[in-house]
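# Structural description and commentary
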Amino acid sequence: MHVLVLGAGQLARMMSLAGAPLNIEISAYDVGSENIVHPLTQTVLGQGLENAIENADVITAEFEHIPHDILDICQQSGKFLPSTEAIKAGGDRRIEKALLDNAAVRNAKYYVIKTREDFSTAIERVGIPMVLKSALGGYDGKGQWRLKDLNQADAIWAEMAECIAATETQAIVAEEFVPFNREVSLVGARGKDGSVAVYPLAENVHTNGVLTLSTAIADNELQQQAKTMFTAVANSLDYVGVLALEFFDLNGELLVNEIAPRVHNSGHWTQQGAETCQFENHLRAVCGLPLGSTKLIRSTSMINILGEDTLPPEVLTMAGCHVHWYGKEKRAGRKMGHINVCGDYNGELQRKLCALADVLSKEAFPAVHQFAENFSE
Ligand code: AMP
């Protein structure tokens, strides 16, 4: 099987690593350079999409901000999975919100803003405090504003108006502020036959809007809620592949924050912590193979490595610690790799996270240090 992935970043790289044992070969389309590249070496294999589409058995995507003309060409080939509709929903908060409403899945109250008048209506209907998010192009907390007091409205509007004017189809989605207790996500797969297999929920810590620590958790009641919502969204899209739902946990009630129509950063822990990792399950789904077991095999956390290209040797020495580099050039804040850390049971995992806090710097790994501080209290 030959799978063409739209996007040539770390997610395509990890799909390539997971696909090899199943004889699934991956090539990646770099949307920026328009080259077809090898996802591990970045060696240029060809140029332009046409030939690559012809040579592929299946086409899929590793990110959702893909120009719609490219998506349409892929869709026309009849080989693209999950679907352009799903990718477009992941890349446009208006479509995403409408999708959640149509699937009757709980999400924060919202209003779409194009004009100053709309902003006033949003303030009336959604209320203050309010989170404002660009409909297109926002990720990892970028393109967002917080309105905490009415007297900030004019200053925020000046920035939002500039954002709206920059792209013809841009808008702002005003969302009620959710005073959540924690953020969790559910990663799961839906096969061509409609079968659904979800992983255990992950509890996620974000630092400045970017995921820093993700830990698989066992909570039967929340897991059931999350699975019901996952199935509703996946079925409404006739989805095929891995899909991630990010939630706010508000006193035991889940609200969907956003969906990602792809393998997800909060599912990287599955490489060491689950029977079948999310990358293999995505490939199994889009290639029409049976889904693999999503069972948790050991307590696992994932730590993102942001803006660093070396680690202290103790990380590799520690049993149960697995380092995954993405082969990228170092840049401040960039996702350079991740560490999966495992224990035979929760207490052992917690002790290992504390031991990692002793060797990792507080500046680069604030969430690990925060965990260790909370644990010792
Ligand atoms: P997003 O890009 O939508 O994932 O937002 C980035 C982060 O902002 C989330 O992970 C939350 O921590 C926070 N956030 C987003 N939307 C809301 C909301 N409606 N209420 C409270 N916090 C939010």
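Values in this document were obtained by computation on a predicted structure and should not be read as measured data.

What counts as what
Residues numbered from 1 in each chain as written. Predicted model: local features only at pLDDT ≥ 70, side-chain atom pairs only at ≥ 80, totals over all residues. Heavy atoms only, no water. Domains from an automatic or database assignment. Contact = heavy atoms within 4.5 Å. Buried area = accessible area lost by both parts, 1.4 Å probe. Salt bridge = Lys/Arg side-chain N within 4 Å of Asp/Glu carboxyl O. Polar contact = N/O pair within 3.5 Å; in protein donor to acceptor, adjacent residues only side chain to side chain. Helix = DSSP H or I, 4+ residues; strand = E, 2+ residues; numbered from the N terminus. Nonpolar A, V, L, I, M, F, W, Y, C, P; charged D, E, K, R; others polar. Pairing = 2+ DSSP bridges. Axes fitted to C-alpha atoms, helices over the stretch in contact; angles between N-to-C directions. Near = heavy atom within 4 Å.

By the assigned domains, the protein splits into domain 1 (2–80), domain 2 (109–176) and domain 3 (182–376). The gap between the C-alpha centroids of domain 1 and domain 3 is 23 Å. Every contact between the two is made by 17 residues of domain 1 and, on the other side, 20 residues of domain 3. Summed over both partners, the interface of domain 1 with domain 3 buries about 1500 Å², with 73% contributed by carbon and sulfur atoms. On the domain 1 side of the contact with domain 3, Gln 10, Met 14 and Glu 64 bury the most area, a combined 33% of that side's loss. There are 1 salt bridge connecting domain 1 and domain 3. Note that Glu 64 and Arg 262 form a salt bridge whose closest N and O atoms lie 2.6 Å from each other. Counting across the interface, domain 1 meets domain 3 through 5 residue pairs in polar contact (both at pLDDT 80 or more). Listing elements by their share of the side of domain 1 that touches domain 3, those giving two or more residues are helix 1 (10–19) and strand 5 (58–61). No other element matches helix 1, which puts 7 residues into the side of domain 1 that touches domain 3. Class assignment for the residues of the side of domain 1 that touches domain 3 results in 11 nonpolar, 3 polar and 3 charged.

Across the sheet, 5 strands lie side by side as 4-3-2-1-5; this open sheet has mixed pairing. The two strands at the open ends of the sheet, each matched to only one other strand, are strand 4 (44–47) and strand 5. Each strand of the sheet is rotated relative to its neighbour by a mean of 30 degrees, with strand direction disregarded. Relative to strand 3 (residues 35–37), strand 2 (residues 25–30) is paired through 3 bridges, and the arrangement is antiparallel. Bridge pairing in strand 3 places Asp 30 opposite Asn 35.

A few words on the site of the ligand. As a matter of local geometry, the ligand sits amid 16 residues, with Lys 133, Gln 144, Glu 175, Val 178 and Glu 183 nearest to it. Note that a nitrogen atom of the ligand is positioned 2.8 Å from one of the backbone N or O atoms of Val 178. Side-chain polar atom of Glu 183 to an oxygen atom of the ligand: 2.6 Å apart, as the coordinates give it. Mapped by element, the contributors of at least two residues to the shell around the ligand are strand 7 (130–134), strand 8 (144–147), strand 9 (172–176) and strand 15 (253–260). Residues of the shell around the ligand, tallied by class, amount to 5 nonpolar, 4 polar and 7 charged.

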